[in-house]
Amino acid sequence: MKRLEGKVAIVTASTQGIGLGIAERLGSEGASVVISSRKQKNVDEATEKLRAKGLEVLGVVCHVSNPQQRQQLVEKAVQKYGHIDIVVSNAAANPSIDTILETKESVLDKLWDINVKASILLLQAAAPYLRKGSSVILIASIAGYHPTTSMAMYGVTKTALLGLTKALATEMSPETRVNCIAPGFVPTHFADFITSNQTIRKTIEDKTLLKRLGTTEDMAAAAAFLASDDSAYITGETIVVAGGMPSRL
Ligand code: NAP
């Protein structure tokens, strides 16, 4: 079933990991997908990989905290496809494992810039081109509900996305729905420092009810649902995709 036929999707940070998984799933459901990340080589390789699977893909270099590159991402999408229906804001940084009180101001700025502000600025750029019925998806984290010590400030930026989802859903309604996904632990490059340690990995697996880590496909399935009209009456919500890890009532 191709739920996204005729739709145009922008996915940030989508040349590997969860972003790439989401791009592939949206493309396989019929969307034209604009993928992006900081490095041209990664963009070229991911574009080629997805096109080889028969998907309609445009690759654009975009470091999400670069204003010109954000604008270009939107403009190239619109030049090629005429409009935008889906924006998945997926980029994030976690540059330090310091406690909050020990985190340098420059690191606090970077976390805020990439994890929160860039989503807002990208949506400011994309908003004029969003069609009626469009869907915005922010990628938060289970850490947004429980900012644990090694990911404390990163977790707090993800908590901010839960609020941003509610606020934007109000502001962008009724034309655009805004929802959020809070992934559990997925063994990607980003989470390597946690998931490659067998002891920590086992501890995390045990904290899930389903006794496993998440996959990029698990996250992509939730994103495709939120992007599609199957979620037409859902906005301002966060779906926790974390195998039953404790999040909230
Ligand atoms: P990943 O596998 O490490 O992929 C990171 C991607 O982001 C790459 O394509 C990278 O390509 C790109 N990228 C990095 N910094 C960027 C920037 N400033 N601007 C644009 N692109 C950038 O990461 P991931 O695990 O899929 O994480 C994706 C999202 O899921 C993040 O928001 C993260 O917080 C969230 N998340 C992940 C987990 C997990 O366990 N993995 C759990 C909860 C939430 P370039 O190097 O070419 O830029």
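Structure: see above.
Below, the structure is looked at part by part. In every chain, residue numbers begin from 1 and rise along the written sequence. At least 70 in pLDDT is required for a residue's local features to be given in this predicted model, at least 80 for side-chain atom pairs to be given and counted, and no such filter applies to totals for whole chains, interfaces and linings, which use all residues. Excluding hydrogens and water, the side-chain figures rest on all heavy atoms present in the structure.

1. Quick notes on the overall build of the protein chain
Secondary structure assignment for the protein chain yields eight helices and seven strands. Seen through its principal axes, the protein chain has C-alpha atoms that stretch 45 × 40 × 40 Å. Burial here depends on accessible area, computed with a 1.4 Å probe over protein chains only, as a share of the maximum for the residue type. Under 20% is buried, over 50% is exposed, and the range in between is partly exposed. Residues counted as buried form 51% of the 249 residues belonging to the protein chain. Here, residues are in contact when the closest pair of their heavy atoms is within 4.5 Å. In the protein chain, the share of contacts with a sequence separation of at least 24, taken over all contacts with a separation of at least 6, comes to 71%. As presented, the protein chain carries roughly 11800 Å² of accessible surface, and 54% of it is formed by carbon and sulfur atoms. When charges are counted, Lys and Arg are positive and Asp and Glu negative, with His and the chain ends excluded. Where a charge sits is defined by one atom per residue type, namely NZ (Lys), CZ (Arg), CG (Asp) or CD (Glu). One finds the centroid of the 27 positive side-chain charges in the protein chain at a distance of 2 Å from the centroid of its 24 negative side-chain charges. Strands are runs of DSSP state E lasting at least two residues, helices are runs of H or I lasting at least four, and both sets are numbered from the N terminus onward. Shrake-Rupley sampling with a 1.4 Å probe provides the accessible areas, and residues are treated as covered by the protein chains on show and by no other component.

2. Thoughts on the side chain of serine 96
Along the polypeptide, serine 96 turns up in the loop between strand 4 (84–89) and helix 4 (105–126). Once you skip the residues sitting within four places of it in the chain, serine 96 turns out to touch Val107 and Ser150.

3. Looking at the pairing of strand 4
When you tally the buried positions in strand 4, you get six out of six residues, the bulk of the element. Examined bridge by bridge, strand 1 (residues 8–11) and strand 4 share three bridges and lie parallel to one another. Paired with valine 11 across the bridge in strand 4 is valine 88. Taken together, strand 4, helix 4 and strand 5 (residues 130–139) form a β-α-β motif whose crossover is right-handed. Pairing between strands is defined by DSSP: at least two bridges between the two strands are required. Viewed with both strands pointing away, a crossover whose connecting path from the first strand over the helix to the second turns clockwise is right-handed.

4. A word on the packing of helix 1 (residues 17–28) against helix 8 (residues 216–227)
Only the stretch in contact is used when a helix axis is fitted, and all axes are lines through C-alpha atoms; the angle between N-to-C directions ranges over 0 to 180 degrees. The contact between helix 1 and helix 8 brings their axes to 8 Å, and the two run at 50°. For the element pair helix 1 / helix 8, the angle class is oblique. Of the two possible hands of crossing, helix 1 and helix 8 adopt the one that is right-handed. Side by side, helix 1 and helix 8 meet where Gly17, Ile18, Gly21, Ile22, Arg25 and Leu26 of the first sit next to Thr216, Met219, Ala220, Ala221, Ala223, Ala224 and Ala227 of the second. Its residues assigned to classes, the contact of helix 1 with helix 8 comprises nine nonpolar, three polar and one charged. For this classification, under 35 degrees means roughly parallel, over 145 means roughly antiparallel, 65 to 115 means roughly perpendicular, and everything else is oblique. Should the near helix be turned counterclockwise from the far one by less than a right angle, the crossing is left-handed, whereas a clockwise turn marks it as right-handed. Put simply, Ala, Val, Leu, Ile, Met, Phe, Trp, Tyr, Cys and Pro go in the nonpolar bin, Asp, Glu, Lys and Arg in the charged bin, and everything else, Gly too, in the polar bin.

5. Observations regarding the layout of surface pockets
Where empty space is left can be seen by rolling a probe of water-molecule size over the atoms. In this analysis, the protein atoms alone were mapped onto a 1 Å grid. Cavities are point sets where a 1.4 Å probe fits without being able to get out; pockets are open sets with protein on both sides within 12 Å along at least five of seven lines; lining residues have an atom within 4 Å of a point. Grid points are joined across faces, edges and corners, and a volume is the space filled by probe spheres set on the points. Here the largest pocket is characterised by a volume of approximately 1100 Å³. Among the elements of the structure, helix 1, helix 4, helix 5 (152–172) and helix 6 (192–195) are those that each provide at least two residues to the lining of the largest pocket. Here the lining of the largest pocket gets three residues from one element, more than from any other, and that element is helix 1. Broken down by class, the residue content of the lining of the largest pocket amounts to 23 nonpolar, 15 polar and four charged. The calculated volume of the second largest pocket comes to roughly 330 Å³. Thr148, Met151, Phe185, Lys207 and Met245 are, among the 15 residues lining the second largest pocket, the residues nearest its centre. Put simply, the parts of the chain that give the lining of the second largest pocket at least two residues each are helix 6 and helix 7 (198–207). The residue inventory of the lining of the second largest pocket, partitioned by class, reads ten nonpolar, four polar and one charged.

6. Side note on the pattern of salt bridges
By salt bridge we mean one thing: a side-chain nitrogen of Lys or Arg within 4 Å of a carboxyl oxygen of Asp or Glu. For the coordinates displayed, the defined rule picks out 13 salt bridges. The partner of glutamate 24 in a salt bridge is lysine 53, with the nearest N and O atoms 3.0 Å apart. With glutamate 24 in helix 1 and lysine 53 in the loop between helix 2 (40–52) and strand 3 (57–61), the pair connects residues that are 29 residues apart, well separated along the chain.

7. Looking at the environment of glycine 214
Mapped onto the elements of the fold, glycine 214 is located in the loop between helix 7 and helix 8. For glycine 214, a relative accessible area of 15% puts it in the buried group. C-alpha of glycine 214 to C-alpha of phenylalanine 185: the two residues are 29 residues apart in sequence and 5.7 Å apart in space. Once residues lying within four places of it in the same chain are set aside, the contact partners of glycine 214 are Phe185, Val186, Pro187 and Met219.

8. Observations concerning the sheet that holds strand 7 (residues 238–241)
Strands sit in the order 3-2-1-4-5-6-7 across an open sheet of seven strands; the sheet is parallel. Every other strand in the sheet has two partners, leaving strand 3 and strand 7 as the edge strands with one partner each. Across the sheet, the mean angle from the axis of one strand to that of its neighbour is 20°, orientation sign disregarded. Where strand 6 (residues 176–183) and strand 7 come together, four bridges link them in parallel fashion.

9. A few points about the site of the ligand
In the vicinity of the ligand, 28 residues are found, and the nearest of them are Ile18, Ser37, Asn90, Tyr154 and Thr188. Whenever a nitrogen or oxygen atom comes within 3.5 Å of another N or O atom, the pair is scored as a polar contact, on the condition that within protein one atom can donate a hydrogen and the other can accept it, and that pairs from neighbouring residues in sequence are kept only if both atoms are in side chains. At a separation of 2.7 Å, an oxygen atom of the ligand approaches a polar side-chain atom of threonine 15. A total of 900 Å² of accessible area belongs to the ligand in isolation, and the protein chains cover 94% of it. Because more than half of its atoms lie within 2 Å of the grid, the ligand is assigned to the largest pocket. At the level of secondary structure, the elements contributing two or more residues to the shell around the ligand comprise helix 1 and helix 5. Looking at the shell around the ligand residue by residue, the classes come out as 14 nonpolar, eleven polar and three charged. Here a residue counts as near a molecule or strand whenever at least one of its heavy atoms sits within 4 Å of it. Throughout, a molecule is located in a cavity or pocket provided that more than half of its atoms lie within 2 Å of its grid points.

What is shown is where atoms sit, not what they do.
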